[in-house]
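Breakdown of the fold
One-letter residues, chain by chain:
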Amino acid sequence: AGGGSAPQASAAEDGGKPAPERVLFPPTFSVSEIKNKQRRHFMFLRWKQQQRKEKLAAKKKRRKEREALGDKAPPKAIPKTIENQRVYDETTVDPNDEEVAFDEATDEFAPYFNRQTVPKILITTSDRPRGRTVRFCEQLSTVIPNSHVYYRRGLALKRIIPQCIARDFTDLIVINEDRKIPNGLVLSHLPDGPTAHFRMSSVRLRKEIKRKGKEPTEHVPEVILNNFTTRLGHSVGRMFASLFPHDPQFIGRQVATFHNQRDYIFFRFHRYIFKSEKKVGIQELGPRFTLKLRSLQKGTFDSKFGEYEWIHKRREMDTSRRKFHL
């Protein structure tokens, strides 16, 4: 009975309104323990908002401290990322290595880099392709100069390759599909290989890209290869480079980019626009897609008796998130 008098007194002092009771959660409490879905979502949003406020306040505080210290301010801390924490790979290419230079001068791509051959590409598909794959091949042929599209019906790749060699094709690209969606790419360098098999994902056609530019022109694009640092990555990068003619036509202002990040190869096709003498903008032209190397095979395509240089084995190779192969 005596315990009930204190709330009554405080209520009388506040004009008859009872004082709100503050609820304190235990330190181990988690929002996921709230059973009500709407309440749980509301509390989670409040928690995220509070986290953002605290992060912003800490950032402002650090900036003020740096401005107050001036030249005596300590250097900015470099954030830890998976890329800069990468496990060192002993096959990383040194540009000044004589052995690497000798291998490049004698590999299958040497005739291209010595300007002895001109790229001529055949783009084909899996058996009887559907509409989305057909449109993707047509748009890919506008990105790669001197490329020809052939829709095969029941013709085996082993029979196509000799015909390609007889017609002076330097590369063969095969787009595979599953459930009407492009999901694989086979790139075979002719006449002696190698052959790379990629898993393809995140395919976006031109009409699916927001704020895209006008249709690409017939100018030869520039080629940018990013982060192909190991011996394996160097070989894959040289395969992509050999698809495009030697001398880009800069007047077209078109760029094809193969960007390797965490062993995923992101392809983008852009046009850059000079807004002023100092500012440059870019427009994405499309298509865009992502590749993941599954295997690299010596020679041309041979699924039964081919000799493989490298095969991606998930259970053995993907034991560490900081270990990359390209």
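Every value quoted in this text rests on a predicted model; they were computed, and no experiment measured them.

A word on the overall build of the protein chain
- Counting its regular elements, the protein chain contains eight helices and eleven strands.
- In terms of overall size, the protein chain is more extended than a compact globule, its C-alpha atoms giving a radius of gyration of 29 Å where 326 residues would be expected to give roughly 20 Å.
- Projected onto the principal axes, the alpha-carbon positions of the protein chain cover approximately 105 × 55 × 45 Å.
- Looking at the protein chain as a whole, 35% of its 326 residues qualify as buried.
- A fraction of 64% describes how many contacts in the protein chain between residues 6 or more apart in sequence connect residues 24 or more apart.
- If you sum the accessible surface of the protein chain, you get close to 22100 Å²; carbon and sulfur atoms cover 51% of it.
- Where the 63 positive side-chain charges of the protein chain centre and where its 39 negative ones centre are 10 Å apart.

Points about the pattern of salt bridges
- In the structure shown here, the tally under the stated rule is twelve salt bridges.
- A salt bridge links Arg-262 to Glu-83; the shortest N-O distance between them is 2.8 Å. Taken as a pair, Arg-262 in the loop between strand S7 (254-261) and strand S8 (264-274) and Glu-83 in the loop between helix H2 (37-69) and helix H3 (98-106) lie far apart in primary sequence, 179 residues in all.
- The class for Arg-262 is partly exposed, based on a relative accessible area of 37%.
- Residues Glu-307 and Lys-298 are paired through a salt bridge, measuring 3.5 Å at the closest nitrogen-oxygen approach.
- Salt bridges linked by common partners bring Glu-104, Asp-107 and Arg-238 together as one network.

Description of the environment of Leu-140
- Considering the arrangement of structural elements, one finds Leu-140 in helix H5 (residues 131-143).
- Taking the C-alpha atoms as reference points, Leu-140 and Arg-238, separated by 98 residues in sequence, lie 19 Å from one another.
- Other than its neighbours up to four places away in sequence, Leu-140 contacts Ile-123, Ile-175, Pro-287 and Phe-289.

Thoughts on unusual backbone geometry
- Along the chain, Leu-190 connects to Pro-191 via a cis peptide bond; the corresponding omega equals 5°.
- Counting through the fold element by element, Pro-191 comes out in the loop between strand S4 (181-189) and strand S5 (195-204).
- Of note, the bond from Gly-286 into Pro-287 is cis; its omega dihedral lies within 30 degrees of zero at 0°.
- With respect to the helices and strands, Pro-287 occurs in the loop between strand S9 (280-284) and strand S10 (288-297).
- Of note in the backbone geometry, Arg-128 takes a positive phi value of approximately 55° without being a glycine.
- Structurally, Arg-128 is set in the loop between strand S1 (121-125) and H5.
- One non-glycine residue, Arg-179, lies in positive phi territory at about 55°.

Some points on the UniProt feature "domain: Brix" (unreviewed entry) in the protein chain
- Those residues carrying the UniProt feature "domain: Brix" (unreviewed entry) are residues 119-302 in this numbering.
- In residues 119-302, the share of helix is 18% and the share of strand is 41%. The end C-alpha atoms are 22 Å apart.

A look at a positive patch on the surface
- On the surface, Lys-48, Arg-52, Lys-55, Lys-59, Lys-60, Arg-62, Arg-63, Lys-64, Arg-66 and Lys-76 cluster together into a patch of positive charge.
- Following the sequence through the fold, Lys-64 ends up in helix H2.

Let's talk about the side chain of Gln-254
- The residue Gln-254 is located in strand S7 in this model.
- A polar side-chain atom of Gln-254 sits 2.8 Å from the main-chain amide nitrogen of Thr-217.
- Those residues in contact with Gln-254 that lie beyond four places of it in its chain are Pro-216, Thr-217, His-219, Pro-221, Glu-222, Phe-269, His-270, Arg-271, Tyr-272 and Leu-285.

Observations concerning the nonpolar core
- Counting 37 residues, the largest nonpolar core has Ile-173, Phe-198, Phe-240 and Ile-265 as the members making the most contacts within it.
- If near-sequence neighbours (up to four positions away) are discounted, Ile-173 is found in contact with Ile-121, Leu-122, Ile-123, Thr-124, Ile-144, Leu-185, Val-186, Leu-187 and Leu-243.
- Membership of the second largest hydrophobic core comes to eleven residues, among which are Leu-155, Ile-161, Val-174 and Val-186.

Criteria and thresholds
Residues numbered from 1 in each chain as written. Predicted model: local features only at pLDDT ≥ 70, side-chain atom pairs only at ≥ 80, totals over all residues. Heavy atoms only, no water. Helix = DSSP H or I, 4+ residues; strand = E, 2+ residues; numbered from the N terminus. Rg over C-alpha atoms; globule rule 2.2 N^0.38 Å. Buried < 20%, exposed > 50% of the residue type's maximum accessible area, 1.4 Å probe, protein only. Contact = heavy atoms within 4.5 Å. Areas by Shrake-Rupley, 256 points an atom, 1.4 Å probe, with all protein chains shown as cover. Lys, Arg positive; Asp, Glu negative; His and termini not counted. Charge placed at Lys NZ, Arg CZ, Asp CG, Glu CD. Salt bridge = Lys/Arg side-chain N within 4 Å of Asp/Glu carboxyl O. UniProt positions renumbered as here; feature names shortened; annotations may be inferred. Patch = residues over 30% accessible without salt bridge, like charges linked within 9 Å, V, L, I, M, F, W, Y side chains within 5 Å. Polar contact = N/O pair within 3.5 Å; in protein donor to acceptor, adjacent residues only side chain to side chain. Core = buried A, V, L, I, M, F, W, Y, C linked by side-chain atoms within 4.5 Å.

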